[in-house]
Structure formats: structure tokens, C-alpha cells
Amino acid sequence: MADFDAIVIGSGITGGWAAKELTERGLKVLMIERGPLIEHQSGYVNEMKAPWEMPFHGQGDANLYKREYFIQSKKTMFFNEWNQQHWANDKENPYSEAPGTKFEWYRGYQLGGKSLTWGRQCYRWSDTDFGANKADGHGIDWPIRYADVAPWYDHVEDFIGVSGSAEGLDILPDGHFLPPMELNAGERHVKALVEAQYPGRKLIIGRSANITRPVKDRAPCQYRGICNRGCSYGAYFSTQSSTLPAARATGRLTLMTDTVVERIEHDPATGKATGVRTIGTKDRKRGQFTARMIFCNAGTINTVGVLLRSTSERFPHGLGNSSGTLGKYLMDHATAMSAMALINGVDDRAYYGNRPNNIIMPRYRNIGADREDFLRGFSYQGGAMRRGWKRGGGTAGLGAGLKDQLKGPGGWMMVFGAFAECLPNAANRISLHPTKTDSQGLAQVEIAFSYGPNERAALRKAESDAREMLEAAGATILATTSEPDAGGSAIHEMGGARMGADPAQSVVNAFNQCHDVPNVFVTDGACMSSTACQNPSLTYMALTARAAAAAVSKLQEGAV
Amino acid sequence: GFHAWLASGPGAASPDFLRQIANQVIPRSRTPGAGEVPEVLAFVNRAMPAGLYGGSETTLGALERALDGMVASSRFVKATSADQVKVLTAIDKDAFAHRAEAGQEAAVHALWRCVKEAIVVGYYTSETGGAHELAYELVPGRFDPDVPLGSVPYLSNYWLENVF
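This write-up is about the structure you can find in this document. Because the structure is a prediction, the values reported are computed rather than measured. (Residues numbered from 1 in each chain as written. Chains lettered and ligands numbered in written order. Predicted model: local features only at pLDDT ≥ 70, side-chain atom pairs only at ≥ 80, totals over all residues.)

1. Structural notes on the overall build of chain A
Rule in force here: Secondary structure elements are taken from DSSP: a helix is a run of H or I of four residues or more, a strand is a run of E of two residues or more, and numbering for both begins at the N terminus. We take the radius of gyration over the C-alpha atoms and set the globule estimate at 2.2 Å times the residue count to the 0.38 power. Counting other C-beta atoms within 10 Å of each residue's C-beta, where C-beta atoms are placed from the backbone, gives the exposure class: buried for 20 or more, exposed for 12 or fewer, partly exposed between. What counts as a contact here is a pair of residues whose C-beta atoms, placed from the backbone, lie within 7 Å.
When helices and strands are tallied, chain A shows 11 helices and 17 strands. Computed over the C-alpha atoms, the radius of gyration of chain A is 23 Å, within 12% of the 24 Å expected from 2.2 N^0.38 for a compact globule of 560 residues. In terms of its C-alpha atoms, chain A occupies a principal-axis envelope of roughly 75 × 55 × 50 Å. Burial statistics for chain A: of 560 residues in total, 60% are counted as buried. Contacts spanning at least 24 positions in sequence make up 72% of the contacts within chain A whose residues lie at least 6 apart.

This is the structure in C-alpha cells:
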């Protein structure tokens with residue numbers, strides 16, 4: 001008799017969903033999180049603090065960040081003194097980069113994982129996206145299409161709450177939306193001028209898991225713009241605000257924090273996984289738990305790490321790796337700040353409140369009649385805002401004149417950042433370092449990653465398009481670039497245990513079930529076979545819910 | 001230890017130095033000047049050794065030494081306010097007029113940019129600057145997307161607007 005019906009490894013966006021769906025379907029579930037417990041509301045220690053109540057006024061100890069958060073602190077738009085405890089300590093959690101390659105790995109090692117700090121953008125994938133690998137032959141065909149996932153997108157959106165506008169675009173299917181947030185004056189100005197001159201391009205508000213109406217007991221967004229500290233209103237989707245309470249309400253969830261999964265155990269006689277071995281991250285205690293099935297939701301790279309560590313006579317190169325593809329085809333959207341400009345003509349307009357949402361321009365390249373010299377596409381995210389008092393520290397001026405000038409907002413700025421689709425490439429891979437270990441004594445993951453000519457060509461087009469559109473909107477260009485940020489910068493790492501119909505070429509099947517080990521499911525970003533050019537988290541959630549439903553029926557049929 | 005010694009030893013800034021330059025950057029109006037607000041001074045004194053804006057334990061002392069060499073009395077803190085303004089205005093203008101190649105510009109310009117940024121940030125993230133000079137509203141409760149300038153309070157806590 002197993003200890004649990006299911007073990008869920010990880011408590012982030014997909015771990016929370018797996019726990020909710022499996023417990024609600026009657027299973028007794030153990031969810032294991034490597035980081036500390038952070039409870040909703042009471043655990044958000046800096047949420048309500050003003051800058052002057054923080055030791056460094058919210059700016060943080062730069063030398064500490066250089067020593068211990070040298071990767072995480074690069075995300076200056078998101079990482080700060082209020083929320084630094086929601087990011088992994090880089091010094092204490094080392095990983096390796098393959099020689100000559102670079103990958104910035106952003107992590108949240110706590111209950112809720114990156115669901116506490118994510119960008120909250122929620123996009124459905126279209127048939128163009130699920131069909132992309134088949135269409136141009138890069139990667140393997142997804143064994144699923146939009147119709148397979150659509151009801152699960154509905155299911156997820158209805159539960160978490162997604163605000164957004166219905167636009168009727170084939171490339172970015174509409175969902176079940178709460179009322180959209182609004183574009184500010186600068187964005188309205190640019191939208192009107194760009195859409196009038198470029199038919200087929202749409203500048204719209206982001207579809208965001210910030211709710212604009214109450215969802216169950218969660219209150220709507222208060223426009224504080226401090227989501228990453230944790231939100232006691234529950235106004236954005238996180239494990240804490242949403243899936244964890246649902247899973248706990250069933251009475252069937254056991255939650256274990258400060259515990260890392262060393263490996264999944266496999267019984268060659270039955271061909272199934274039997275449970276996991278664990279190490280306490282604080283007390284170093286070793287443990288072992290058995291279950292009838294395992295859901296891997298540790299985050300793309302850590303999920304692959306667990307599977308690679310789970311070697312046995314039957315699987316000498318990692319659990320479920322008879323295809324030899326485990327760890328390969330790691331991807332991340334190629335990002336660049338395509339253009340930044342001053343908006344002219346709206347200096348008499350202002351806004352009030354911190355809207356925790358951006359604008360997007362959905363993909364318009366390589367669809368319809370448009371054909372480019374690169375494959376697939378890119379989308380933009382960005383927004384307009386008026387510069388704040390910080391400008392006073394970076395420009396000439398002092399005395400009464402400076403103080404007077406800073407009493408009001410500065411000029412309007414607009415940024416267009418590009419997310420380009422990343423082609424699957426076997427050389428971009430996660431492996432285990434032969435000698436280096438992490439703080440638990442486990443082999444460090446080594447990441448080999450670089451962008452290729454296609455991503456670079458897409459970003460060049462994104463740069464020239466962004467420049468052209470902003471100039472057409474009468475803006476003054478300040479800077480443009482097509483140089484991709486380091487891999488990992490989008491924090492959309494995907495792949496490593498890709499989905500496919502052929503067991504010889506993929507790790508999981510159309511229901512995220514390991515071809516080799518029927519009671520192991522991979523439903524986080526590791527399962528992705530392509531990246532599209534929009535944010536992937538909503539798709540992870542939909543695939544997780546879909547896989548959980550399939551897993552429970554298979555379990556009931558005795559098929560796992 | 002060593003860091004405390006650096007910040008308070010022979011190369012340290014005079015007790016009045018930071019207070020004086022903070023008031024020159026952000027003077028008293030209907031609200032106090034930056035140099036009158038203890039939490040602004042405390043912030044700058046913590047920010048420099050913590051490496052913010054490229055500062056270090058020696059930044060304030062080095063800036064004072066450099067400014068001493070630019071006033072007739074050789075003691076910046078003893079100069080008249082008018083003389084201080086004259087010196088600082090010239091440095092400020094040059095420091096932001098052109099960014100010379102690293103290592104090519106006068107050291108005083110880099111020191112000035114660092115300390116000035118810390119004073120501005122310290123002031124508008126203090127209760128005096130953030131909540132009295134400007135408005136601070138943790139819970140706006142609504143988003144007005146497009147209103148006439150001046151028709152709504154201007155918040156010091158526009159977070160994203162003050163990252164860069």
C-alpha cells in the first residue's frame with residue numbers, strides 16, 4: 001500500500017494546479033516543495049511597507065546582491081528589497097553553464113515558486129503555434145492541437161480569473177475574460193496612430209491573471225503594482241491565493257516544505273515509479289515516500305534534473321530517457337528591448353494608480369500573406385509611462401528648480417520589448433555536471449544554451465518594425481536593439497522532456513505521461529515541444545489540468 | 001571593522017558635508033530640504049558602503065576632498081552657500097553634459113553623480129519627500145488611465161516609473 005495516491009514535485013504554477021486537480025478528483029496527494037513555507041497574507045512580510053520602512057528604502061543592498069543574488073538581481077524591473085526573499089539565492093544554489101554558453105536561471109525557491117513573482121500574462125496558443133513544428137520541420141510535431149486544449153484553457157481561466165479584451169484574432173485566441181484593464185493616454189495615442197497606418201497590427205492591453213472583478217473570495221486588483229511582494233487581496237493568481245486553498249479544502253493534501261526530491265524510484269518488475277527519495281534542505285534528513293503516481297512540476301530545469309538523477313539499471317541515462325532526448329531541446333523566448341522612445345503630443349495627460357499590466361502587440365509576421373526571411377514570429381510587450389522623480393538623479397539640475405520640476409511627472413516614454421519564438425535545438429540542453437555538486441550534495445545541472453540565426457533574424461525584424469511604428473506614431477526614438485538578452489532572460493524556459501507521439505523521439509505523450517514510465521507525468525515547462533511567441537504559463541496550467549484528469553481516469557482503469 | 005574605519009577614519013567626510021550638499025540638491029521649500037531629514041542622511045550613509053549607485057565607504061570623503069580643492073578657503077563646508085552653489089552647479093552641468101569614456105573623466109564627476117542620485121532617491125523614498133512633498137498612496141484602489149495633468153495626485157510610489 002503506497003503512502004499516497006500521488007506525489008507532486010514542486011508547488012509553483014503547475015504544482016499547485018496538479019495538487020488541486022488531483023485532490024479534487026479524490027486522490028490523496030503529497031506536494032513537496034524545496035523551499036520554505038510562505039502562507040497567503042501572513043507570509044508576505046514586506047507587502048505593506050513604505051520605502052522609508054525598509055533598511056535600504058526598497059533599493060536593496062547592492063553588494064549583497066552582487067555576492068549572493070548575482071543572477072536574480074539582474075531583473076531590475078521585478079527583483080527588489082521588498083521581494084528578494086521570493087527569489088533563489090544564487091550563491092547557495094549554484095548551477096553550471098557549459099563552456100562558451102550562457103543561461104541566466106531565474107528561480108523562486110519557496111512555497112508557490114515563481115507563481116508569487118510571475119508576470120501574470122496569460123495567452124492561449126493557436127493552431128499556428130501547435131502546428132509550427134510540423135509546418136517547418138524544426139522539432140517534432142505536437143500530438144495535440146488547439147481543440148484538445150481549448151476546454152482546459154476555459155477551465156483554467158474560469159478558476160484563476162484572467163482580465164483581457166476579446167479581439168477575434170486567430171493567432172491569439174480569445175478566452176473567458178474578466179473586463180480588461182485600460183490603456184493609458186500614451187498607449188491610446190500610439191495605438192491610434194499605429195493601427196491606422198499598419199492594418200492587421202493590434203496594440204492591446206495584456207491578458208493578465210490580475211482580476212478586475214471578485215473571483216470567489218479573492219478581491220479585485222487595487223492597482224498597487226506591488227504584486228511580487230505577495231498580494232493579500234488575492235488579486236492575482238498564485239498557488240497561495242488560488243490553487244493551494246482549493247487543494248487544502250479537500251482535506252486530501254499533505255504539504256511538505258524545505259524538502260528537495262533527490263530522485264524518483266523505479267521498479268523494473270512493474271515498470272512503474274514507486275515513489276521519491278528526499279533530502280531536507282534545512283535538516284539534511286533523508287526521507288522516502290511511496291505513491292501510485294508522480295507529477296513532475298519542479299520547473300523546467302529542476303524537473304529535468306530530477307529525472308536525470310533518477311538513474312537505474314533499466315534507465316542508466318535518466319528516468320524515462322529511452323529516447324535519449326531527456327534534457328535536450330531546451331528553449332526560451334529570445335528577448336530584446338526592440339525600441340524605447342519619447343511619446344510626443346500627450347504631455348497634458350496623466351494617469352492615476354499602478355496598473356500591474358502591460359500592452360501587447362500579438363504576432364503579425366509570417367501569418368496570412370506575410371512571408372519573412374526567418375521562420376515563425378515575435379510579439380511585443382511593453383507600455384507607456386511618464387518618468388518619475390528618479391529622473392532627477394540622472395539629469396543635470398539642482399536646488400529649487402530641481403525640486404519644483406520633480407513635483408510632477410516627466411516625459412512620456414514607450415517601450416516595445418520583443419519575444420521571439422525559439423527554435424528547438426538539440427544542442428541546447430540540460431545535463432548533470434560530472435563533478436560539481438549543489439548545497440544538498442546533488443549533482444549540479446549544467447545548462448548549454450545559445451540562440452541561433454533564426455532568433456537573431458526575428459529580433460532584427462522586431463527592432464526595425466518597432467522603430468518604424470514608433471516613428472510613425474510621432475515618437476522620438478531613444479534607443480533600439482536586436483541583440484538578444486542572455487538565454488533564460490524571458491524566464492520562459494521550456495523543453496527538456498518534450499511531448500511527442502513517437503516514444504523514440506520524445507519523453508512524454510499527448511497526456512504528459514512518460515512513454516517509458518506510465519505513472520510519471522511531466523506537466524511543467526519541461527514538456528514543451530515548441531515555444532510560440534507568447535507567454536507559456538496558461539498553457540502549462542491547461543496541460544496540467546488536462547493531464548491530471550487523464551491520469552486519474554487511467555488510475556481508476558488500472559492503466560497506470 | 002575595516003569598513004567602519006574607512007567610513008569614519010581620516011578620509012571620511014566631515015559631519016556637515018552630506019547635510020550641506022543634500023540641502024543644495026533639494027533645498028527647503030514648503031517642505032524640508034533633503035539635508036534636514038535624518039532618514040535621508042541615514043539612507044545615503046548606508047547606501048554608499050552597500051555599493052548602491054557605484055558608491056563605496058570612501059565616496060563621500062573623496063567627493064568632499066575634491067570639492068575642497070575647488071573653493072578659495074580649501075574647505076567646502078566652510079564656503080558660503082552661494083560659493084557652494086556655484087561650484088556644484090558647474091560640476092553638475094559637466095557631470096551630466098557628456099559621459100566621458102570610463103577613466104577619462106574627472107573623478108569628481110563620477111563621485112557627484114553617485115552621491116546626487118543617492119540624495120534624490122533617499123529624499124523621495126523618505127516620508128518627508130515621498131508622502132509630504134509628493135503623495136504616497138499604497139492602495140490607489142483604481143486606475144484612471146487618461147486624465148488631465150494636475151487633476152489627480154502625483155504619487156511618489158509609481159514603482160516602475162522610478163526603477164530607471
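Picking up after the structure, the text goes on.
2. A word on the overall build of chain B
Counting its secondary structure elements, chain B contains 7 helices and 1 strand. Written out in order from the N terminus, the α and β elements of chain B read α-α-α-α-α-α-α-β. Sorting the 164 residues of chain B into buried and exposed places 41% on the buried side. Here the analysis covers contacts within chain B between residues at least 6 apart in sequence; of these, 53% occur between residues at least 24 apart.

3. Observations regarding the sheet that holds strand β4 (residues 204–205) of chain A
All names here are of chain A. What counts, and what does not: Only when DSSP finds a minimum of two bridges between them are two strands counted as paired. Throughout, an axis means a line fitted to C-alpha atoms (over the contacting stretch in the case of helices), and angles, computed between N-to-C directions, take values from 0 to 180 degrees.
With antiparallel pairing, the 6 strands of this open sheet are ordered in space as β4-β11-β12-β13-β9-β16. Both outer strands of the open sheet, β4 and β16 (476–480), are each paired with one neighbouring strand and no more. Of the strand pairs in this sheet, strand β11 (residues 359–361) and strand β12 (residues 378–386) are connected by 3 bridges, and their pairing is antiparallel. Within β12, the position partnered with methionine 361 by the bridge is tyrosine 380. Relative to β12, helix α6 (residues 185–197) is tilted by about 135°, and along the sheet it contacts β9 (334–343), β11, β12 and β13 (412–420). Across the sheet, helix α10 (residues 453–472) is in contact with β9, β12, β13 and β16; its angle to β9 comes to roughly 10°.

4. What to know about the pairing of strand β10 (residues 349–352) of chain A
Covered by surrounding structure in β10 of chain A are Arg349 and Tyr351 of chain A together with Ala350 and Tyr352 of chain A, the residues of both alternating faces. Relative to strand β1 (residues 144–148) of chain B, β10 of chain A runs antiparallel, the two sharing 3 bridges. Looking at β1 of chain B, one finds that arginine 349 of chain A is bridged to proline 148 of chain B.

5. Some points on the sheet that holds strand β14 (residues 429–437) of chain A
Neighbouring strands of a sheet are bound in pairs by backbone hydrogen bonds; such pairs are parallel or else antiparallel. Residues and elements named next belong to chain A. The 3 strands are arranged β3-β15-β14 in an open sheet whose pairing can be described as mixed. The open sheet has two edge strands, β3 (96–97) and β14, and neither has a second partner. One ladder, built from 2 bridges, connects β3 with strand β15 (residues 443–448); its direction is parallel. Residue serine 96 lies in a different strand from β15, and its bridge partner there is glutamate 446. Along the sheet face, helix α8 (residues 300–309) touches β14 and β15 and points at about 65° away from the line of β14.

6. Points about helix α4 (residues 59–68) of chain B
Along α4 of chain B, the residues classified as buried are Thr59, Leu60, Gly61, Leu63, Glu64 and Leu67 of chain B. Residues of α4 of chain B that are buried in the fold lie against α2 (17–25), α5 (81–97) and α6 (107–124) of chain B.

7. Points about the interface of chain B and chain A
Note the following rule: Three classes are used, and their members are as follows: Ala, Val, Leu, Ile, Met, Phe, Trp, Tyr, Cys and Pro are nonpolar, Asp, Glu, Lys and Arg are charged, and the others, Gly among them, are polar.
At the junction of the two partners, chain B supplies 53 residues and chain A supplies 51 residues. Contributions of two or more residues to the side of chain B that touches chain A are made by α2, α3 (38–47), α5, α6, α7 (127–133) and β1 of chain B. With 7 residues, α5 of chain B is the single largest residue contributor to the side of chain B that touches chain A. Among the residues forming the side of chain B that touches chain A, the class breakdown is 31 nonpolar, 11 polar and 11 charged.

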